[in-house]
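# Fold and geometry: a report
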Amino acid sequence: MDAIRIQGGVPLAGDITIGGAKNAALPLMAACLLSDQPLTLVNMPELADIATMGNLLRQHGVTIGQAAFGAGRASPDAGATGRTMTLSADTITSVTAPYDLVRRMRASVLVLGPLLARMGEAKVSLPGGCAIGTRPVDLHLKALEALGAKIEVKEGYIHATAAGGLKGAKVTFPKVTVGGTENLLMAAILASGETILENAAREPEIGNLAECLNAMGADITGIGSGTLTIRGVKTLRAARVAVIPDRIETGTYAIAAAITRGRIKLLGTNYELLDSVFAAMRQAGVTIESQDDGIVVSAEKELVGVDVATEPFPGFPTDMQAQWMALMATANGAAMITETIFENRFMHVPELTRFGADVNVHGASAIVRGRGGKLSGAPVMATDLRASSSLILAGLAASGETLVNRVYHLDRGYERLEEKLGACGARIERISGA
Ligand code: UD1
């Protein structure tokens, strides 16, 4: 297994180009299953999770063509970087998503809605637990049942059928769920009649999916709000859609600038995607300037502790919570960090304390007592994707050497991380097979 070694304490300076959002790209890829016409996605990131979704789709019968565009080099689509991927699902050869692929990535469950809608049947392995909590899919299933699906869970598989096709209905999610909203959106576009989805997730990735479905011929209104209205259609057409910039990658590198008291210009991204995080950073004393060609993040002075609580969009994202904790460990004074989305998302705390961070967890909240930048490098173990990035950030800020083990988690969500940070002066290297 690879590890990452960092010699910390260097203020970072330079430009970083942000890639397409993993969490937008995954549902967009799954959407190809809805239609026998090709779907072309531009600004695709190159990540392990994208490869996993590609493998899952291939075994459903999808053919995938890819064209590479080097990092930072403009593709023929204005402003876009990254790869272009064309997915063609003219024939679905299997409606089963097997355990072996689904267990690697929970987002695999996103094939359920489109397969059921198009084929009248889907058999998808239950994703099972993961490091950050139990993460059930009960809300996905209840919503699909409301559209008339019959669902049986047996032998570890969700077996969903809709012999006469799905029928539009009013669905109110009791809790905001990103994946549940995406699965239902995809199922509802081929249902007969109208579906009204209340308490839908408002994450920008949902907007990206809904716009893509509309480009394919769907009729979805209310995009960006908590109520989505979907009028079912019979056929879909070919479409070409750009993946939005990755707001979590944006936020992670913004914190890399702040935590090293450096200055980084973030290119190819969008300020509005991360309002809540930038507001908290400003409050902590970080300077953020939105310019025509990018966002400049710098921190020359001492930072102060700022409390945050994770919430569905537009609130502070749970996927930035661990990185925020690393930053707060270098501020002056206390910060309370409350996690409201996942019940077990403080796995990074024991690892951060290895750097000398002073963090105490009380139920769903953690109190960080900042030590004004005095962290020291340590060998640590990554537990999940965003926890891994918080350890990288702490390592960049800490004096001396840090070795982050089990970095395969990072490769699921950060493209060429060492290269991007290295270009800003970080002394960071990957050690293969450590
Ligand atoms: C997505 C993101 C993930 C992010 C999360 C919250 C992707 C691929 N992943 O995950 O990075 O951290 O949103 O912003 O986009 N829940 C239920 N029953 C369900 C579904 C969810 O109880 O059927 C609960 C979950 O356990 C969790 C909360 O609802 O406590 C929110 O989960 P959800 O928004 O569904 O997260 P994901 O879509 O899995």
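Since the model is a prediction, treat every value here as computed from it, not as a measurement. (Residues numbered from 1 in each chain as written. Predicted model: local features only at pLDDT ≥ 70, side-chain atom pairs only at ≥ 80, totals over all residues. Heavy atoms only, no water.)

On to the side chain of Ser298, then. Among the secondary structure elements, Ser298 is positioned in strand β17 (residues 294-298). Ser298 gets classed as buried once you look at its relative accessible area, which sits at 2%. When neighbours within four sequence positions are excluded, Ser298 is seen to be in contact with Gly262, Arg263, Val286 and Thr287. (Helix = DSSP H or I, 4+ residues; strand = E, 2+ residues; numbered from the N terminus. Buried < 20%, exposed > 50% of the residue type's maximum accessible area, 1.4 Å probe, protein only. Contact = heavy atoms within 4.5 Å.)

Attention now goes to the confidence of the model for the chain. Averaged over all residues, the pLDDT of the chain equals 93, while 95% of them reach at least 70. For residues 70-80, every residue scores under 50 in pLDDT, and the model assigns this stretch 13 contacts once sequence neighbours within four places are set aside. (pLDDT = per-residue confidence, 0-100.)

On to unusual backbone geometry. Geometrically, the link from Phe313 to Pro314 is a cis peptide bond, its omega value of 10 degrees lying close to zero. Inspection of the secondary structure puts Pro314 in the loop between β18 (308-309) and α10 (321-328). The phi torsion at Arg261 lies on the positive side, around 55 degrees, for a residue other than glycine. The residue Arg261 is located in the loop between α8 (247-259) and β15 (263-267) in this model. On the basis of relative accessible area, Arg261 is assigned to the buried category, the value being 19%. For Arg406, which is not a glycine, the phi torsion comes out positive at approximately 60 degrees. Mapped onto the elements of the fold, Arg406 is located in the loop between β23 (401-405) and α13 (408-413).

Next up on the list: the environment of Ala162. On the secondary structure map, Ala162 appears in the loop between β9 (157-161) and β10 (170-172). Looking at Ala162, the relative accessible area reads 5%, which means it is buried. Residues Ala162 and Met347 lie 185 residues apart in sequence; the distance between their C-alpha atoms is 40 Å. If we skip the residues at most four places from it in the chain, Ala162 touches Leu116, Gly120 and Ala149.

What follows covers the sheet that holds strand β14 (residues 239-242). Ordered in space as β4-β5-β3-β14, the 4 strands form an open sheet in which the pairing is mixed. Pairing within the sheet leaves two strands with one partner each, and these edge strands are β4 (63-67) and β14. When the angles between neighbouring strand axes are averaged without regard to direction, this sheet yields 20 degrees. Bridging between β4 and strand β5 (residues 83-88) involves 5 bridges; their strand directions are antiparallel. Looking across to β5, one finds that Thr63 is bridged to Ser88. (Pairing = 2+ DSSP bridges. Axes fitted to C-alpha atoms, helices over the stretch in contact; angles between N-to-C directions.)

Glancing now at the site of the ligand. As a structural note, the neighbourhood of the ligand is formed by 19 residues, with Asp138, Leu139, Thr177, Asp319 and Ile341 the closest of them. Within the contact set of the ligand, an oxygen atom lies 3.0 Å away from a side-chain nitrogen or oxygen of Asn23. The contact in question runs from an oxygen atom of the ligand to an N or O atom on the backbone of Ile341, over 2.5 Å. Here the ligand, which alone exposes 750 Å², has 87% of that area covered by the protein. Of all the elements in the fold, those that place two or more residues in the shell around the ligand are α5 (138-146) and α6 (178-188). For the shell around the ligand, the leading source of residues is α5, giving 3 residues. For the shell around the ligand, the residue count by class is 8 nonpolar, 5 polar and 6 charged. (Near = heavy atom within 4 Å. Polar contact = N/O pair within 3.5 Å; in protein donor to acceptor, adjacent residues only side chain to side chain. Areas by Shrake-Rupley, 256 points an atom, 1.4 Å probe, with all protein chains shown as cover. Nonpolar A, V, L, I, M, F, W, Y, C, P; charged D, E, K, R; others polar.)

Before going further, it helps to examine the packing of helix α1 (residues 22-31) against helix α2 (residues 48-59). Two numbers describe how α1 lies on α2: the axes approach to 10 Å, and their chain directions differ by 10 degrees. Classed by the angle they form, the pair α1 and α2 counts as roughly parallel. Listed contacts from α2 to Lys22, Ala25, Leu26, Met29 and Ala30 of α1 are Asp49, Ile50, Met53, Gly54 and Leu57. Its residues assigned to classes, the contact of α1 with α2 shows 7 nonpolar, 1 polar and 2 charged. (Parallel < 35°, antiparallel > 145°, perpendicular 65-115°, else oblique.)

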